[in-house]
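# Observations on the three-dimensional arrangement
If you want the building blocks of each chain, they are given just below.
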Amino acid sequence: MRNTCIAIGAALLGLYVTGQSCQSGEAIRTAQYITNGQKIYSMHCQNCHGARGEGLGNLYPPLTDTAFLLSHRQQLACMVKNGISGPMEVDGRVFNTEMPPNPQLAPVEIAYVLTYIGNSFGNKMGIFPQEEVQAVLDNCN
Amino acid sequence: MRISLLLIGTVLLATGCNHGGTTKTLPILGERDTVSTLVDGKTVIDTVYKRIPDFELLNQDSVLITNSLFDGRVYIANFFFTHCPSICPTMQRNLLKVYEKYKHDDRLRFLSHSIDFRHDSPSVLKAYAEKLGVTNQHWQFVTGSKADIYGLADHYMVYTKEDSAVPGGYDHSGYFLLVDPERRIRGAYDGTNDDQLQLLFDDLEILLNEYTP
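This section reports on the structure supplied with the text. (Residues numbered from 1 in each chain as written. Chains lettered and ligands numbered in written order. Predicted model: local features only at pLDDT ≥ 70, side-chain atom pairs only at ≥ 80, totals over all residues.)

## Looking at the overall build of chain B
- Of the regular secondary structure elements, chain B holds five helices and eleven strands.
- With 213 residues in all, chain B has 33% of them scored as buried.
- Restricting to contacts in chain B with at least 6 residues of sequence separation, those with at least 24 account for 65%. (Helix = DSSP H or I, 4+ residues; strand = E, 2+ residues; numbered from the N terminus. Buried ≥ 20, exposed ≤ 12 C-beta atoms within 10 Å, placed from the backbone. Contact = placed C-beta atoms within 7 Å.)

## Remarks on the overall build of chain A
- Assigned secondary structure in chain A consists of six helices and two strands.
- Put simply, chain A runs from its N terminus to its C terminus through helices and strands in the order α-α-α-α-β-β-α-α.
- Residue burial in chain A is summarised as follows: out of 141 residues, 25% are buried.
- Put simply, 61% of the contacts in chain A that link residues at least 6 apart link residues at least 24 apart.

## Notes on the nonpolar core
- Core analysis: the largest hydrophobic core is formed by 70 residues, its most contacted members being Val113(A), Leu114(A), Tyr75(B), Ile76(B), Leu177(B) and Leu178(B).
- Considering every element that reaches this core, the biggest residue donor is helix 5 (residues 107–118) of chain A, with seven residues.
- When sequence neighbours within four positions are dropped, the list of residues in contact with Val113(A) reads Gly37(A), Ile40(A), Tyr41(A), Cys45(A) and Val80(A). (Core = buried A, V, L, I, M, F, W, Y, C linked by C-beta atoms within 7 Å.)

## Considering helix 2 (residues 88–102) of chain B
All names here are of chain B.
- End to end, helix 2 covers 21 Å across 15 residues, agreeing with the expected 21 Å (1.5 Å per residue, within 8%).
- In terms of burial, helix 2 is largely enclosed, as eleven of its 15 residues are buried.
- Listing the buried residues of helix 2 in full gives Cys88, Pro89, Thr90, Met91, Gln92, Arg93, Asn94, Leu95, Val98, Tyr99 and Tyr102. (Expected span 1.5 Å × (residues − 1).)

Dropping the structure here:
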């Protein structure tokens, strides 16, 4: 009886420790993505979209419209890779300025930058894992 | 009695400070020359400063504008193009901050030259200005022949070059030039740098006060 108690206790402790380390592993990965993503953002996105994701007038849309980002999660990688043209509604306004493509960005870099954008400027979208981004990119129009 | 002496002393000191106060003036930039003239049998030497030459350019309303639009005013000039993917959005975002503060101030104007003489027609410039948030005529967006615009850039001491190797196809420096009513350049500020933008805000007040104290 006493041994069973100890065994159960040890098992529970083991589960707890494993759970904790898994969680922090994920958190560390997200933090890495965000750090790398910030560098890519400042090089390729910030000129137009601003240091705080504020956009610029009605020329370039802000990246603070969480609802837009959430509803377009499956298209964001292709937008970054191939650019966008034509009218689009963001933040309750219609924008119609062409966004240039970024063919030089590797899938993992797009994952970094989306994770940065998705967890900055008031957004809380969690990580965009490289695998998810790769799958999206494989099916761009 | 002692108190009144002290008061007089304080007043004198305060007045003294006002008169002796250092009123900062901005330097005059660019090459300069001297001319000697004979006045009443004496040789007088004058300094000739660099001035922005006459220009005639098409604005966002397809109207030909000349220097006369800026007569008696300070203006800030820069060079950009509408589909510039690199420094221009940052430059124009920063210039917009200055415009937002001064857009109803009749002492100041803004002049953005497009260096993309192929694509940036007046209608393109008009749409750009509206989207940027320019709501009056105090900020002019102009186009002209390559010779006109690139020649003017040299006078404003701004580097401009067509270069297919850079993003967007045109290379240029992102300076804001502060020009006084006598067409002389009084300051040059990196339009992509926040500290330089603050310096422009400060210098602008000094220059405006020089002409309209």
